[in-house]
Amino acid sequence: MPSDRECPACALTFEDTGDVKECPYCGYEFPQRSASVRWVAWGLALLLLWPALEGLMYLLG
């Protein structure tokens, strides 16, 4: 499903189909995130939620 995306270099919007790696107007290359960064982010989010869940379990029971 195409969506509108704005280039941070030239501030023009274009239709992004999901496989766009550079701006069609100015040639700015968008940074690509690797899958490992996404896994690390989820892991850190779970580690941050762990104390909150422990506290909730302490209060409930």
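Look up a bit, the structure's there.
Residues numbered from 1 in each chain as written. Predicted model: local features only at pLDDT ≥ 70, side-chain atom pairs only at ≥ 80, totals over all residues. Heavy atoms only, no water.

## Side note on the pairing of strand β1 (residues 3-6)
Quick reminder of the rule: A pair of strands counts as paired when DSSP detects no fewer than two bridges linking them. Only DSSP runs of H or I covering at least 4 residues are called helices, and only runs of E covering at least 2 are called strands; the numbering of each starts at the N terminus.
In the sheet, β1 pairs with strand β2 (residues 13-16) via four bridges, with the strands oriented antiparallel. Bridged to Glu 6 within β2 is Thr 13. Once β1 ends, the chain turns through six residues before running back antiparallel as β2, passing Ala 11 with a positive phi of about 65 degrees.

## Remarks on the pattern of salt bridges
Operational definition: Salt-bridge detection follows one rule: a side-chain nitrogen of Lys or Arg within 4 Å of a carboxyl oxygen of Asp or Glu. Exposure is judged per residue with a 1.4 Å probe applied to protein chains only, and the accessible area is read against the type maximum: over 50% gives exposed, under 20% gives buried, and values in between give partly exposed.
Using the criterion set out here, one finds one salt bridge in the structure. Residue Arg 5 pairs with Asp 16 through a salt bridge whose shortest N-O separation is 3.4 Å. Placement of Arg 5 in strand β1 and of Asp 16 in strand β2 is noted, with a sequence separation of eleven residues between them. On the basis of relative accessible area, Asp 16 is assigned to the buried category, the value being 11%.

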